[in-house]
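Structural overview
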Amino acid sequence: MQLTKGFEQAACIIALLATQDRKIPLSSQIIHQRISGSQTYLQKLLRKLVVAGLITSVSGNSGGFSLVKDPKEITLLQIVDATEGKIQSYPDLGFIDLVFRDFRPISQEAKQVMNGIFQQADKRWCHFLDEQTVYEVISKTLGKKEIPLVDWNDPDVAESDVIPKLR
């Protein structure tokens, strides 16, 4: 199973918002500039994150997007669920029944066994992702316990504004 590009883009949006000054919403224009790609697709992705309760939108001239919760309360599973929906890694397209059609009782049992194995694997995978928070990802990435906040809306934000905060 492979996650779509939407997950990676959503994770980046959440990371931007997690490092955005909490008092200032991040404009959709800035998010689009940083993510690139289709404006329409980005709007759909932002809508999915709003519907999932991970971000909120503020309308108006100084509007934009903000996190609904603290990054310590947002898990990777929540982002996966928002962008991908319910994960089912084994699609069960009926090939076991087709290939072993002349061995019906055995094919039915094999189908149940395979479905059970992959359902358990999906459950374990989801449990692991549910333990991984956005805060932990950013904290491990930066090697700091405190996440530095900047205003990504500011066109003059540069690496030098962020890097000194990391040391």
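Look a little higher up for the structure.
These lines cover the structure that appears in this document, whether it is placed above or below. (Residues numbered from 1 in each chain as written. Predicted model: local features only at pLDDT ≥ 70, side-chain atom pairs only at ≥ 80, totals over all residues. Heavy atoms only, no water.)

**Here we look at the side chain of D122**
With respect to the helices, strands and loops of the structure, D122 is situated in helix α6 (residues 104-130). Among buried Asp, Glu, Lys and Arg side chains, D122 stands out as unpaired, with K86 the closest opposite charge at 6.2 Å. Contacts of D122, omitting those with residues within four sequence positions, involve I87, Q88 and S89. (Helix = DSSP H or I, 4+ residues; strand = E, 2+ residues; numbered from the N terminus. Buried < 20%, exposed > 50% of the residue type's maximum accessible area, 1.4 Å probe, protein only. Lys, Arg positive; Asp, Glu negative; His and termini not counted. Salt bridge = Lys/Arg side-chain N within 4 Å of Asp/Glu carboxyl O. Contact = heavy atoms within 4.5 Å.)

**So, helix α4 (residues 76-84)**
For α4, the full list of buried residues reads L76, L77, I79, V80, A82 and T83. Immediately downstream of α4, the backbone of G85 shows phi near 80°, a positive value.

**Observations regarding the side chain of S139**
Looking at where S139 falls in the secondary structure, it is placed in helix α7 (residues 134-142). Within the local environment of S139, its side chain forms a polar contact with the backbone oxygen of K144, the two atoms lying 2.6 Å apart. Setting aside chain neighbours within four positions, we find S139 in contact with K144 and K145. (Polar contact = N/O pair within 3.5 Å; in protein donor to acceptor, adjacent residues only side chain to side chain.)

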